[in-house]
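# Notes for the structure review
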Amino acid sequence: MSSPLRLGVAGLGTVGAALLKLLDRQANALAERTGRRIAVMAVSARDRSKVRDLDLARFEWFSDPVALAGSPEIDVFVELIGGADGVARAAVEAALQEGKAVVTANKALLAKHGLHLGKLAESKGAALGFEASVAGGIPIIKTLRESLAGNSISRVYGILNGTCNYILSRMETEQLSFAQCLAEAQRLGYAEADPSFDIGGYDTAHKLAILTALAFGTEIAPDSIAVEGIEQITLADISAAAELGYRIKLLGVAARTAAGIEQRVHPTMVPRSSAIAQVMGVTNAVTIDADAVQELTLVGPGAGGMATASSVVADIADIARGLHVPPFGLPMASLTPPRRAALQTHEGGYYIRLSVYDRPGAAAAIATRMAERTISLESIVQRRRPGEQKGASAVPVILITHATSEKLIGEALKDVLADGFIAEPPQVIRIERE
Ligand code: NAP
Ligand code: HSE
């Protein structure tokens, strides 16, 4: 058997702690599968005195992850700290500078600095593994980079954030408030250190940026992504979606269109009968449309310590076996800047919830404004809040449109607002039909 592969693990939180346990549990199997023992030599975290359910006495302790990254005692630096900048970035750069392999679960770092880190890794002949950075335990990076090498990909989309899917699922099935569901997701270790990254859609955008680069051979461009989070989704929207035959999911979508590469993250109405609507809880799902394979969907746990550690171990095993592929599947110089398709060119159906003053002619005026922009309505429903008297206040009016453009919807809503029947800003949710 070859010499052991020596690891330095920085970050002993949800993922780091699970990784140490998984490496212990699978030590013999991994040695057999890769031909080398995987040996953790040293670890680093912020607070050495923290009580952890781990036997750390076996490992050298580094209070500085950058020093650990440069240690001659390790071959692979495993970064499980998080954050696009700061110590995580400094340590990853330090390891790559030394020509050491790096494995990370840090999508924020990859989305912001992936191009630079990929070039650095390439110039030093070092491996850069980030399977755990997208969709937790789902092997989506390897699938796009290696398994689909013979395909031309036209679209990649899916549920990429476990926290948001957990919140939306729990709100619907348990009728719990947004805040209660978020607190549960945090307690279960799904959420980011700053959960606004999850609920604001930015974590999904970081992951989508990585998938777009792999799918289309483009440079990572998180700033090209139109991002909306789930903070504004109410139980009323979730109930209305159910009644109308839809479910609300936070989707990340990257598609090659005539106008360029469209990248968007937003709450989306998906038909209740669709496969993606059945994906509940912390589960993620990624669908790839490609010419040879047609449609491929991977479904699995999108967050959580063990599921994510499984992906970290996959990268470590590749390094132990000596497998070395370009981080983004192409020489870094071959990645091209993406031609960005403006969101205004997006075409699809829309759910629009309006809070309308209960006056004669209001619904007719809204329908007229839509018709003036050639927007065809699939349905228009006016509701009364329970116990309310006619004319007492604003009532919800829900429109579902047939396919139209983002530009026309924006123009029509501007006219509707100008008519003075609307009490609150409209809630607009795009519809994605498979
Ligand atoms: P976490 O539970 O917050 O753990 C972060 C770890 O980093 C902690 O052990 C912390 O030390 C350590 N740390 C923070 N600042 C440090 C510093 N300056 N020096 C040394 N260590 C420092 O985070 P996590 O959920 O495990 O996530 C880690 C990474 O995996 C992130 O990039 C995250 O986006 C990614 N990820 C997470 C999941 C998930 O389900 N949680 C899934 C996929 C990817 P202390 O323990 O001493 O505080
Ligand atoms: N906070 C992330 C999520 C962790 O909820 O999906 C996995 O990347």
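Turning next to the nonpolar core. Within the largest apolar cluster, 76 residues are counted, with the highest numbers of intra-cluster contacts made by F77, I140, L144, L211, I230 and F328. The leading source of residues in this core is helix α10 (residues 202–216), at nine residues. Discounting chain neighbours no more than four positions away, the residues touching L211 are V134, I140, I141, L144, V156, L160 and V286. The next biggest cluster of nonpolar side chains, apart from the first, holds 35 residues, and it includes V40, L80, A101 and A127.

What follows is about the sheet that holds strand β6 (residues 128–129). Strand order in the open sheet made by the six strands is β3-β2-β1-β4-β5-β6, with parallel pairing throughout. The open sheet terminates on both sides in strands that have one partner only, identified here as β3 (60–62) and β6. Examined bridge by bridge, strand β1 (residues 5–10) and strand β2 (residues 38–44) share six bridges and lie parallel to one another. Along β2, the bridge assignment pairs G8 with A42.

When helix α8 (residues 178–187) is considered as a whole, its buried residues turn out to be F178, C181, L182, E184 and A185. The buried residues of α8 occupy one face: seen down the axis, they fall within an arc of 160°. Seen from the open side of α8, the exposed residues pointing more than 90 degrees away from its buried face are A179 and R187. Elements that come into contact with the buried residues of α8 comprise α7 (162–174) and α9 (196–199). Just past α8, the residue G189 takes up positive phi, approximately 85°.

Another point: the site of ligand 2. Residues in close proximity to ligand 2 include K107, N161, G162, T163, Y190, A191, E192, D198, D203, K207, G302 and A303, which together make up its full environment. Separating a nitrogen atom of ligand 2 from a side-chain N or O atom of E192 is a distance of 2.7 Å. A distance of 2.8 Å is found between an oxygen atom of ligand 2 and a side-chain nitrogen or oxygen belonging to K207. Contact with the protein chains hides 94% of the accessible area of ligand 2, taken as 250 Å² for the molecule alone. Going through the elements one at a time, α7 and α10 are the ones with two or more residues in the shell around ligand 2. When grouped by side-chain class, the residues that make up the shell around ligand 2 number three nonpolar, four polar and five charged.

All right, on to the pairing of β2 then. By the criterion of burial, β2 is predominantly enclosed, with five of the seven residues buried. Pairing analysis gives three bridges linking β2 to β3, with the strands arranged parallel. Bridged to A42 within β3 is E60.

Moving on to helix α2 (residues 27–34). Every buried residue of α2 is listed here: L30, A31 and T34. Seen along its axis, α2 keeps its buried residues to an arc of 100°; they face one direction. In α2, those exposed residues whose orientation departs by more than 90 degrees from the buried face are N28, E32 and R33. Packing partners of the buried residues in α2 comprise α1 (14–25), β2 and α12 (305–321). The first or second residue beyond α2 is G35, which carries a positive phi of 80°.

Attention now moves to the pattern of salt bridges. Overall, the coordinates contain 29 salt bridges when judged by the stated rule. Residue D24 is joined to R58 by a salt bridge in which the shortest nitrogen-to-oxygen separation is 3.1 Å. With D24 in helix α1 and R58 in the loop between β2 and β3, this residue pair connects regions lying 34 residues apart in the sequence. Note on R58: relative accessible area 42%, which makes it partly exposed. Salt-bridge contacts for D203 lead to K107; the nearest nitrogen and oxygen are separated by 3.2 Å. Note that D203 is positioned in helix α10 and K107 in helix α5 (residues 107–124), a separation of 96 residues in sequence. Judged by relative accessible area, which is 11%, K107 ranks as buried. Connected through salt bridges with shared partners, the residues R155, E262, R264, D289 and E432 form a single ionic network.

What counts and what doesn't
- Residues numbered from 1 in each chain as written.
- Chains lettered and ligands numbered in written order.
- Predicted model: local features only at pLDDT ≥ 70, side-chain atom pairs only at ≥ 80, totals over all residues.
- Heavy atoms only, no water.
- Core = buried A, V, L, I, M, F, W, Y, C linked by side-chain atoms within 4.5 Å.
- Buried < 20%, exposed > 50% of the residue type's maximum accessible area, 1.4 Å probe, protein only.
- Helix = DSSP H or I, 4+ residues; strand = E, 2+ residues; numbered from the N terminus.
- Contact = heavy atoms within 4.5 Å.
- Pairing = 2+ DSSP bridges.
- Arc of directions from axis to C-beta.
- Near = heavy atom within 4 Å.
- Polar contact = N/O pair within 3.5 Å; in protein donor to acceptor, adjacent residues only side chain to side chain.
- Areas by Shrake-Rupley, 256 points an atom, 1.4 Å probe, with all protein chains shown as cover.
- Nonpolar A, V, L, I, M, F, W, Y, C, P; charged D, E, K, R; others polar.
- Salt bridge = Lys/Arg side-chain N within 4 Å of Asp/Glu carboxyl O.

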